[in-house]
Amino acid sequence: MASDALFEVRDLGVCFTTPRGRVSAVREISLEVRRGECLAVVGESGSGKSQLFLGCLGLLAAGGLVEGSARFDGQELLGPDAGPRRAALGTRLAMVFQDPMNALTPHLTIGRQLAEVVLERGLLDAATARARSLEVLRSVGMPDPEARLRQYPHELSGGQRQRAAIAMALMTRPDLLVADEPTTALDVTVQAQVIDVLRGARDRGLAVVLITHDMGVVAGIADRVAVMYAGRIVETAPARELFAAPAHPYTAALLASVPRLDTPLAARLAGIEGQPPAPGAEPDGCAFAPRCPSALETCHRSRPPLESLGARSVACHAVRLAPGAGP
Amino acid sequence: MSEVATETLLRVRNLTVRFPMPRPGLVGPRPWLTAVDAVDLEIDAGRALGLVGESGCGKSTLARAVLALVSPQAGTIEWRGQPVRRDDAAGLRRMRRELQIVFQDPVGSLDPRMSIGESVAEALEALEGPQDAVATRARVDSMLAEVGLDPALAARYPHELSGGQCQRAAIARALVGRPKLLVCDEAVSALDVSVQAQIVNLLAELRRRRGLALLFISHNLAVVRHLCDDVAVLYRGRVVERASAAAIFAGPSHPYTRALLAAVPDPDPAAHVRAAVPELRAAAAAEAVAVVGCAYQPRCPLADELCRQQVPRLEDVGAGHLTACHHAGVRPAAS
């Protein structure tokens, strides 16, 4: 199945060995990303959304273990041979992180850093590298790109730094860009620009994985959405369907928590009472059940499987057992 | 709110704060950065004023000046009719009991070596002097309960709690002396949305229950809309628009306010299809250091010759809605 997937994750788990024993961060994740599509992976702090991709790319912190399969363009990244992963990482498969200052070297000019990406891999010669640098800076909407090449990271504004980091990721013309909370540290106005930049890259054929907690950002760019809670995917759906009618109670609660400009003012924002389970805790039932407004008795006892309902998949007993289930 | 003769808690007049910048060369005058530029504002008892703007617009500096943590170069700050001066220790002590602040980073604003119960007790004793241990314990517990924390958590340390719980503890610490005004400097910006909603609800509840006034600093207009009675929009240190929240959200009259509103991410994919906002496209080239005329003019789609020459004054455009724009109320032609 899913032969057209560029990136395909099957039964992926990530855990960490800690002094208190093994703590599982991500469990039984399967997902895929097709060429030219944007998949948003949404979840709150600690849901495992970042560890999932760090695991796929072999970038886990010390003590991290990954199991399962992650295939990029047919090549297994998590096999015993690290060759395919090394070949893909940073070349055909690029990442952008939340804090652009960490992605940029403070004492090198933007031009030098951009060129280095392709020079070190022997992909281009110096003259072509400069031309490519200007091209990617333009494609991310950087004002006055020629001048930027001579500047250092500290001379750029926050939004420009994030554009420079995205430009760096685009230097090798990757097929897949994994962006982990790329707009979280930015002002709303700058955030809107960065989303624009990602949307432009997606429209030119780049596959994008956007990891975020912000449903508003998701709506601006995602084609499909996977919602994570306590290390598992609880719902995946095409973005329009998900926003029009969230099926999982957690998705619905997350959407209702976002303060909006266009809804009547209520006395309270919806919010979600309570706390997610502690890291590593593995309740018998659904992890969301203790906070769930529609929890049934069975939700506390058995974990709902992720089941397909047309284009969407949902892991929820209440949805599964509802009369006339289905979108 | 019932109309009992309301007291003005905070009155800021012509407040200007400048910081010295490094000299560009060995000789020549030292350049100054004007972080807050001739700002007027006031907050009545029980009211909530939202102060919005992007990073670097001066909103945190303004809050620090109000708390007398930085000295203004010009202007006055009055707390309940009394001038606030950094060299008046007794006056500051009086004011600080009634005026408290909560910061953005909930974990970083609590002492990592103190349990949250100790942190709250410390704030209480700093304001009211040494207390009887049993009475302190009771006040701390009831304060924690009021912000939605189980008093059993009093013995926990910040690193053992979630970001939302730490922010509740920081709010408890700020409120334990029963202040009249709480300054929230991006107090919900670092939180997950579901937790953000909890904290916004908590602040709304505390307003109702305690008659607490808020100076709520945020870059997220949607949050401000849910919590505030009045809004002031700050751009490069100046108030460019000020009005009731209802008026601002129903009809923003400054082009910058409109750009901020357009940038709030809407959790509805359909909304993004029509969201090709010309004002945001213009925002890219916003880095000019010194701007002649209106500070927003380089980003503004409405800017003309007048805007490039003259700084617009903050003027009433109807029913107390103040706007500093030569083209207040003119909307760019919709595409």
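Just so it is clear, the structure is predicted and the values come from calculations on it, not from any experiment. (Residues numbered from 1 in each chain as written. Chains lettered and ligands numbered in written order. Predicted model: local features only at pLDDT ≥ 70, side-chain atom pairs only at ≥ 80, totals over all residues.)

Asker: Even after reading the chapter, I still don't get the overall build of chain B, so can you show me in this structure?
Answerer: Across its full length, chain B holds twelve helices and twelve strands. Over its C-alpha atoms chain B spans a radius of gyration of 21 Å, differing by no more than 12% from the 20 Å that the globule rule assigns to 335 residues. Expressed as a percentage of the 335 residues in chain B, the buried residues total 47%. (Helix = DSSP H or I, 4+ residues; strand = E, 2+ residues; numbered from the N terminus. Rg over C-alpha atoms; globule rule 2.2 N^0.38 Å. Buried ≥ 20, exposed ≤ 12 C-beta atoms within 10 Å, placed from the backbone.)

Asker: Looking at this structure, I do not really get the domain arrangement of chain B. What am I missing?
Answerer: The figure often quoted for interface size is the accessible area lost as the parts come together. Residues and elements named next belong to chain B. For chain B, the assigned domains read domain 1 (8-250) and domain 2 (254-328). Computed over C-alpha atoms only, the centres of domain 1 and domain 2 are separated by 27 Å. Facing 15 residues of domain 1, the contacting portion of domain 2 comprises 15 residues. For the side of domain 1 that touches domain 2, the secondary structure elements donating two or more residues are α7 (221-227), β9 (230-235), β10 (238-244) and α8 (245-250). Of all the elements, β10 adds the most residues to the side of domain 1 that touches domain 2, at six residues. Its residues assigned to classes, the side of domain 1 that touches domain 2 comprises ten nonpolar, one polar and four charged. (Domains from an automatic or database assignment. Contact = placed C-beta atoms within 7 Å. Nonpolar A, V, L, I, M, F, W, Y, C, P; charged D, E, K, R; others polar.)

Asker: Help me out: how do you make sense of the sheet that holds strand β8 (residues 213-218) of chain B in this one?
Answerer: All names here are of chain B. Pairing is mixed in the open sheet, where eight strands are placed in the order β6-β7-β8-β3-β9-β10-β12-β11. Of all strands in the sheet, those with a lone pairing partner are β6 (99-102) and β11 (315-316), marking the two edges. Note: strand β3 (residues 48-52) against β8, five bridges, orientation parallel. Looking at the pairing, L49 lines up with L215 of β8. With respect to the sheet, helix α5 (residues 163-175) is in contact with β6 and β7 (181-185), its orientation differing from that of β6 by roughly 170°. (Pairing = 2+ DSSP bridges. Axes fitted to C-alpha atoms, helices over the stretch in contact; angles between N-to-C directions.)

Asker: Is there a simple way to explain the nonpolar core in this structure?
Answerer: As a rule of thumb, soluble globular proteins bury nonpolar side chains together. Formed by 202 residues in total, the largest nonpolar core has its most connected members in V209 of chain A together with F216 of chain B. The element best represented in this core is helix α8 (residues 188-203) of chain A, accounting for eight residues. The two domains that each donate at least three residues to this core are domain 1 (8-250) and domain 2 (254-328) of chain B. Dropping the residues within four chain positions of it, V209 of chain A is found in contact with V33, L39, V41, F53, L176, V178 and A179 of chain A. (Core = buried A, V, L, I, M, F, W, Y, C linked by C-beta atoms within 7 Å.)

Asker: Would you take a moment to explain helix α6 (residues 193-210) of chain B for this structure?
Answerer: An α-helical turn contains 3.6 residues, so a residue and the one three or four places further along point in the same direction. The end-to-end C-alpha separation of α6 of chain B is 25 Å, in line with the 26 Å expected for 18 residues at 1.5 Å each. Listed as buried for α6 of chain B are V193, S194, V195, Q196, A197, Q198, I199, V200, L203 and R207 of chain B. The secondary structure elements touched by the buried residues of α6 of chain B are α9 (215-221) and α11 (249-257) of chain A together with β3, α5, β8 and α7 of chain B. G211 of chain B sits one or two residues past α6 of chain B and shows a positive phi near 65°. (Expected span 1.5 Å × (residues − 1).)

Asker: What am I meant to see in the sheet that holds strand β2 (residues 32-44) of chain B here?
Answerer: Pairing in this open sheet of four strands is antiparallel, and the strands run β2-β1-β4-β5 (chain B) from one edge to the other. Lying at the two open borders of the sheet, with one neighbouring strand each, are β2 and β5 (82-83) of chain B.

Asker: Is there a simple way to explain helix α4 (residues 133-146) of chain B in this structure?
Answerer: Residue and element names in this part refer to chain B. Here α4 is 14 residues long and its end C-alpha atoms lie 20 Å apart, about the 20 Å a rise of 1.5 Å per residue gives. Within α4, the full set of buried residues consists of V140, M143 and L144. Buried residues in α4, looked at end-on, bunch into an arc of 100°, giving them a common side. The exposed set on the far side of α4, more than 90 degrees from its buried face, consists of V134, A135, A138, S142 and A145. Its buried side turned inward, α4 meets α3 (116-128) and α5. Of the residues flanking the end of α4, it is G148, one or two places downstream, whose phi is positive at about 85°. (Arc of directions from axis to C-beta.)

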